[in-house]
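Remarks on the overall topology
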Amino acid sequence: TSVSYFKTADERFVLKEISQKEQRHFLQAAKEYFEYVSKTIDGSLDSCLAKILGLFRLTTRSHKGGPVTSRVLIFMENLLHRTETPDGGLLRVFDLKGSSRNRYIKEAKREDVQLDENFHAYVQQSPLYLSESAKNLLTACIHNDSVF
């Protein structure tokens with residue numbers, strides 16, 4: 001899907017347009033989400049989630065008496081901030097949803113954001129090696145993020 005998003009000048013944060021449905025889902029879980037995120041920020045819990053910092057409605061009018069348009073925007077940290085390799089290239093980026101249905105991009109280039117099935121194919125050829133401590137931290141993050 002095509003979504004409007006904007007990055008701050010330093011690329012640390014993203015302002016992303018979300019649908020009314022996404023807004024409703026987020027608002028239903030917002031209290032628990034912000035309680036959880038506050039624990040990750042103070043260091044008492046490990047997490048891999050992008051931190052959402054705010055939700056805004058932007059209403060504009062093209063000219064006096066013109067049509068009013070409204071967008072819902074979410075302000076969050078940019079997980080892709082500083083994702084270059086030491087030689088200046090980009091790391092591989094995958095948008096993982098935990099599904100295999102319609103989650104493959106044929107002939108994806110390294111710089112493309114790839115999907116779940118592309119990730120499965122990639123790790124078959126190039127396994128991800130983690131130290132025991134990195135594996136334990138990732139496991140704890142995934143557990144924490146999935147039970148909050």
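Everything here concerns the structure above.
Residues numbered from 1 in each chain as written. Predicted model: local features only at pLDDT ≥ 70, side-chain atom pairs only at ≥ 80, totals over all residues. Heavy atoms only, no water.

**Re the overall build of the chain**
Spelled out, the test is: Segments assigned H or I by DSSP are reported as helices when at least four residues long, segments assigned E as strands when at least two residues long, and all are numbered from the N terminus. Exposure is judged per residue with a 1.4 Å probe applied to protein chains only, and the accessible area is read against the type maximum: over 50% gives exposed, under 20% gives buried, and values in between give partly exposed. By the convention used here, residues are in contact when the closest approach between their heavy atoms is within 4.5 Å. Here the open area of atoms and residues is found with the Shrake-Rupley method and a 1.4 Å probe, where only the protein chains shown may cover a residue. Charge assignment: positive for Lys and Arg, negative for Asp and Glu; neither His nor the chain ends contribute. Taken as the charge location is NZ of Lys, CZ of Arg, CG of Asp or CD of Glu.
Tallying secondary structure elements over the chain gives 3 helices and 6 strands in all. Projected onto its principal axes, the C-alpha coordinates of the chain cover approximately 60 × 40 × 35 Å. For the chain, buried positions account for 23% of its 148 residues. Sequence-distant contacts, at least 24 apart, represent 40% of the contacts inside the chain between residues at least 6 apart. Only carbon and sulfur atoms are counted for the fraction: they give 54% of the accessible area of the chain, which is about 11,200 Å². When the 21 positive and 19 negative side-chain charges of the chain are each reduced to one mean point, those points stand 8 Å apart.

**So, the environment of T8**
In plain terms, the rule: For this analysis, a polar contact is any N or O atom pair within 3.5 Å, provided that within protein one partner can donate a hydrogen and the other can accept it, and provided that sequence-adjacent residues contribute only side-chain to side-chain pairs.
Residue placement: T8 occurs in the loop between β1 (5–7) and β2 (13–18). Given a relative accessible area of 26%, T8 falls into the partly exposed group. In terms of polar contacts, T8 uses its side chain to reach the backbone amide nitrogen of R12, at 3.4 Å.

**Considerations on the pairing of β2**
Where we set the bar: DSSP-based pairing: two strands are paired if at least 2 bridges between them are found.
With 3 bridges joining them, β1 and β2 adopt antiparallel strand pairing. Note on β2: the bridge partner recorded for Y5 is K16. Counting the residues in the hairpin turn of β1 and β2 gives 5 residues, including E11, whose phi is positive at 65°. Judged from the 6 bridges that link them, β2 and strand β4 (residues 68–77) form a sheet pairing that is antiparallel. Bridged to V14 within β4 is M76.

**A word on the pairing of strand β3 (residues 52–61)**
Where β3 lies against β4, 9 bridges are found, and the strand directions are antiparallel. Counterpart to G54 in the pairing with β4 is F75. Linkage of β3 to β4, two consecutive antiparallel strands, is achieved through a turn of 6 residues, within which G65 is found at a positive phi near 85°.

**A few points about the side chain of D116**
Within the fold, D116 resides in helix α2 (residues 116–125). Note on D116: relative accessible area 4%, which makes it buried. Within the structure, the side chain of D116 is placed 2.8 Å from the side chain of R103, a separation counted as a polar contact.

**Section: the packing of aromatic side chains**
Basically, it comes down to this: Here a Phe, Tyr or Trp ring, Trp counted by its six-membered ring, pairs with any other such ring whose centre lies within 6.5 Å, and the pair is stacked when the planes are under 30 degrees apart, edge-to-face when over 60, and tilted otherwise.
Inspection of the entire model under this criterion finds 8 aromatic pairs. Note on Y33 and F148: the rings are 6.1 Å apart at their centroids and 65° apart in plane angle, and the pair reads as edge-to-face. On the criterion of sequence distance, the pair formed by Y33 in helix α1 (residues 20–41) and F148 in the segment after α3 (132–147) is long-range, its members being 115 residues apart. Aromatic side chains Y36 and F148 sit 4.7 Å apart centroid to centroid with 15° between the ring planes, which places their arrangement in the stacked category. A residue pair is termed long-range when its members are at least 10 positions apart, and Y36 in helix α1 and F148 in the segment after α3 qualify at 112 residues. Counting every residue linked through ring pairs, the aromatic cluster contains F26, Y33, F34, Y36 and F148.

**Some points on a nonpolar patch on the surface**
Let me state the cut-off plainly: Residues qualify for a patch when their relative accessible area is over 30% and they have no salt bridge, like charges being joined within 9 Å and the nonpolar side chains of Val, Leu, Ile, Met, Phe, Trp and Tyr within 5 Å. Salt bridge, as used here, is a side-chain nitrogen of Lys or Arg placed within 4 Å of a carboxyl oxygen of Asp or Glu.
Judged by side-chain polarity, L130, L138 and I142 come together as a nonpolar surface patch covering roughly 270 Å² of accessible area. Along the chain, the position of L138 falls in helix α3. With relative accessibility at 36%, the residue L138 sits in the partly exposed group.

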